[in-house]
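Okay, here's what each chain looks like letter by letter:
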Protein chains: 2
Amino acid sequence: MENRLKELRESLAMTQEELAARAGVSRQTIISLEKGKYNPSITLAYKLSKIFGLSIEELFMLNEGGEKI
Amino acid sequence: MENRLKELRESLAMTQEELAARAGVSRQTIISLEKGKYNPSITLAYKLSKIFGLSIEELFMLNEGGEKI
DNA sequence: GCAAAATGTCAAGTGTACTTTACAATGATG
DNA sequence: CATCATTGTAAAGTACACTTGACATTTTGC
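Residues numbered from 1 in each chain as written. Chains lettered and ligands numbered in written order. Predicted model: local features only at pLDDT ≥ 70, side-chain atom pairs only at ≥ 80, totals over all residues. Heavy atoms only, no water.

(A) View of the overall build of chain A. The helix and strand inventory of chain A stands at five helices and zero strands. Each helix (α) and strand (β) of chain A, taken in turn from the N terminus, gives the series α-α-α-α-α. Counting over 69 residues, chain A shows a buried share of 42%. Sequence separation of 24 or more characterises 49% of the internal contacts of chain A that already satisfy a separation of 6 or more. Split by element, the accessible area of chain A, about 3700 Å² in all, is 48% carbon and sulfur. (Helix = DSSP H or I, 4+ residues; strand = E, 2+ residues; numbered from the N terminus. Buried < 20%, exposed > 50% of the residue type's maximum accessible area, 1.4 Å probe, protein only. Contact = heavy atoms within 4.5 Å. Areas by Shrake-Rupley, 256 points an atom, 1.4 Å probe, with all protein chains shown as cover.)

(B) View of the protein's contact with DNA strand D. Around DNA strand D there are 18 residues in total, and Gln16 of chain A together with Ser26, Thr29, Tyr38 and Ser41 of chain B lie nearest to it. Here the atoms of DNA strand D within 4 Å of the protein split so that 60% fall in sugar or phosphate, with bases taking the remainder. A distance of 2.6 Å separates a phosphate oxygen of DNA strand D from a polar side-chain atom of Gln16 of chain A. Ser26 of chain B has a polar side-chain atom sitting 2.6 Å from a phosphate oxygen of DNA strand D. Listing elements by their share of the surface near DNA strand D, those giving two or more residues are α1 (5-11) and α3 (27-34) of chain A together with α3 (27-34) of chain B. Ranked by residue count, the leading element in the surface near DNA strand D is α3 of chain A, at three residues. (Near = heavy atom within 4 Å. Polar contact = N/O pair within 3.5 Å; in protein donor to acceptor, adjacent residues only side chain to side chain.)

(C) How the structure looks around the protein's contact with DNA strand C. Neighbouring DNA strand C are 18 residues; Ser26, Thr29, Tyr38 and Ser41 of chain A together with Gln16 of chain B lie closest to it. Protein-adjacent atoms of DNA strand C, using a 4 Å cutoff, are sugar or phosphate at a proportion of 58%. Between Gln16 of chain B and DNA strand C, the recorded distance is 2.5 Å, taken from a side-chain N or O atom to a phosphate oxygen. Of all the secondary-structure elements, those providing two or more residues to the surface near DNA strand C are α3 of chain A together with α1 (5-11) and α3 of chain B. Element by element, the count of residues in the surface near DNA strand C is highest for α3 of chain B, at three residues. When grouped by side-chain class, the residues that make up the surface near DNA strand C number five nonpolar, nine polar and four charged. (Nonpolar A, V, L, I, M, F, W, Y, C, P; charged D, E, K, R; others polar.)

(D) Summary view of the environment of Thr15 of chain A. Take Thr15 of chain A: it is sitting in the loop between α1 and α2 (16-23). Sequence separation between Thr15 of chain A and Glu34 of chain A is 19 residues; the distance between their C-alpha atoms is 12 Å.

(E) Looking closely at the packing of α2 of chain A against α3 of chain A. Residue and element names in this part refer to chain A. Running from N to C, α2 and α3 point in directions that differ by 105°, and their axes come no closer than 8 Å. With respect to each other, α2 and α3 are oriented roughly perpendicular. Only Arg27, Ile30, Ile31 and Glu34 of α3 make contact with α2, whose side of the interface consists of Gln16, Glu17, Leu19 and Ala20. A class-by-class count of the residues in the contact of α2 with α3 yields four nonpolar, one polar and three charged. (Axes fitted to C-alpha atoms, helices over the stretch in contact; angles between N-to-C directions. Parallel < 35°, antiparallel > 145°, perpendicular 65-115°, else oblique.)

(F) Expanded view of unusual backbone geometry. Of note in this structure, Ala13 of chain A is not a glycine but carries a positive phi near 55°. Within the element layout of this structure, Ala13 of chain A appears in the loop between α1 and α2.

(G) Spatial organisation of the nonpolar core. Ranked by size, the top nonpolar core spans 36 residues in total, and within it Leu48 and Phe52 of chain A together with Leu48 of chain B carry the most contacts. Not counting the four nearest positions on each side in its chain, Phe52 of chain A is found in contact with Leu5, Leu8, Arg9, Leu12, Met14, Leu19 and Leu59 of chain A. (Core = buried A, V, L, I, M, F, W, Y, C linked by side-chain atoms within 4.5 Å.)

As structure tokens, then:
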């Protein structure tokens, strides 16, 4: 698993659709992020970090190279 | 000023070219970021935050809507 | 005051984050 | 089993992050 998104979403009992709505993006975007298909924009990363009460770094677990762990 | 990038770069006595090289992007990208023309990718935001020893949030001062203050 | 370094601007191009739509697969519940 | 909610997949299109290159302007140091 590339990030904690799916795990966190499920811990809040949210559907992909709900999370997408709260973050202001499409459901497809949430799916792709959960699958690690691409990196979110800083804006979306920030919104998601607020929803989950984490820092961007905590949520997307970046290493020194700026790549996902 | 949309963010603290220029101010921080100057405080470290770095040229745009040096910062661009350290962040692994073009000088043009640094110029545009300093001017607030667009938001960095999360990867670039992370690299810059490491260079300046700040969190992404501290560096790019985002508000609740995910927009710059 | 001149030269060189640093900064800025413009424009065209590439890559990728994100959207939209449509449909298939899986899972939960009566 | 049947049905509905949820998740997944695929493909084509749009927006924007980022590059490259060429040149103009400002700043700095001798």
